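Architecture and fold: a report
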Amino acid sequence: MRLGGMVMAAIIGLALPAQSPQGALRFSSGAKRIDLQVVAGNHPAFISLRHETGEAEALRMFLLTHSGPEKMIAPNSLTMTTQAPSRWKVSKHRGTRLIQSDEAIYWCYTPGLVLPSRFNLGNAAWKLESADLPPLMFVEMPN
């Protein structure tokens, strides 16, 4: 059975927004740099990170599993006096608050939501160099 152009366009229209670019994150560890693309989630309130390979995929998975509601991700954290760098941008309100837990330093990029900004992964210490993202919650997207 052959699909008409409008039906195919509707199917493609549903599939493409899930991966539409929404911003970017750059992390570094020593001389290594990894850029991750922020993509739309399957709901207007969600964003995700584009699937990667190798070390970038391990970093992506760490970020997705350690990002989310502040009270769940870092419940016993302390607010730091240092503010987030100006090169970390959120489209509506630039989150400036940093919090520290035993596991990582988190950036409160929007009220109630955190993203790891300094942490150890494997044998490397990673830090967020730059960010440009919408004020939405990170979720894992199927491949």
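Details of the structure are given in the entry above.
Nothing here was measured: the structure is a model prediction, and the numbers come from that model. (Residues numbered from 1 in each chain as written. Predicted model: local features only at pLDDT ≥ 70, side-chain atom pairs only at ≥ 80, totals over all residues. Heavy atoms only, no water.)

**Here we look at the environment of Ile 99**
Note the following rule: Helix numbers and strand numbers start at the N terminus; a helix is a DSSP run of H or I with at least 4 residues, a strand a run of E with at least 2. Accessible area is worked out with a 1.4 Å probe on protein chains only. A residue is then buried under 20% of its type maximum, exposed over 50%, and partly exposed in between. Between two residues, a contact is recorded if the distance between any of their heavy atoms is within 4.5 Å.
With respect to the helices and strands, the residue Ile 99 is situated in strand 7 (residues 97–100). On the accessibility criterion, Ile 99 (0% relative accessible area) is buried. The contacts of Ile 99, once residues within four sequence positions are left out, are Glu 70, Ala 74, Ser 77, Leu 78, Thr 79, Met 80, Ala 104, Ile 105, Tyr 106, Cys 108 and Val 114.

**Describing the side chain of Ser 67**
Quick reminder of the rule: Counting of polar contacts relies on pairs of N or O atoms within 3.5 Å, with two restrictions inside protein: one atom must be capable of donating a hydrogen and the other of accepting it, and residues adjacent in sequence are counted only when both atoms are side-chain atoms.
Mapped onto the elements, Ser 67 comes out in the loop between helix 2 (54–65) and strand 4 (68–69). Owing to a relative accessible area of 6%, Ser 67 belongs among the buried residues under this scheme. Looking at Ser 67, its side chain comes within polar contact range of the main-chain oxygen of Leu 63, at 2.5 Å.

**Looking at the environment of His 51**
Among the structural elements, His 51 can be located in the loop between strand 3 (46–49) and helix 2. Linking His 51 and Gln 37, residues 14 residues apart in sequence, is a C-alpha distance of 8.8 Å. For His 51, the contacting residues outside a window of four places in its chain are Glu 57, Arg 60, Glu 140, Met 141, Pro 142 and Asn 143. Of note is the side chain of His 51, whose polar atom sits 2.9 Å from the side chain of Arg 60. A polar contact is formed between the side chain of His 51 and the backbone oxygen of Met 141, at a distance of 2.8 Å.

**Some points on the pairing of strand 2 (residues 32–40)**
Where we set the bar: The pairing criterion for strands is at least two bridges between them, as found by DSSP.
Pairing of strand 1 (residues 21–29) with strand 2 involves eight bridges; the strand directions are antiparallel. Its bridge partner being in strand 2, Leu 25 is matched across the sheet by Leu 36. Between strand 1 and strand 2, which pair antiparallel and follow one another directly, the connecting turn spans two residues, one of which, Gly 30, has a positive phi of 60 degrees. Taking the residues between adjacent antiparallel strands as the criterion, strand 2 and strand 3 are bridged by five residues.

**Here we look at the packing of aromatic side chains**
This is how the line gets drawn: In this scheme Phe, Tyr and Trp rings, the latter by its six-membered ring, pair at centre separations within 6.5 Å, and the angle between planes marks the pair as stacked below 30 degrees, edge-to-face above 60, and tilted otherwise.
One pass over the structure, following the stated rule, counts five aromatic pairs. With 5.8 Å between their ring centres and 50 degrees between their planes, Trp 107 and Tyr 109 make a pair best called tilted. Of the two residues examined, Trp 107 and Tyr 109, each falls in the buried class. Plain terms: the ring middles of Tyr 109 and Phe 138 are 6.0 Å apart, the flat faces sit at 70 degrees to each other, and that makes the pair edge-to-face.

**Side note on helix 2**
For clarity, the cut-off: Multiplying one less than the number of residues by 1.5 Å gives the expected span of a helix.
End to end, helix 2 covers 17 Å across twelve residues, agreeing with the expected 16 Å (1.5 Å per residue, within 8%). Residues of helix 2 that are buried: Ala 56, Glu 57, Leu 59, Arg 60, Phe 62, Leu 63 and Leu 64. Turning to helix 2, the residues buried within the fold contact strand 1, strand 2, strand 3, strand 9 (113–121), strand 10 (124–133) and strand 11 (137–138).

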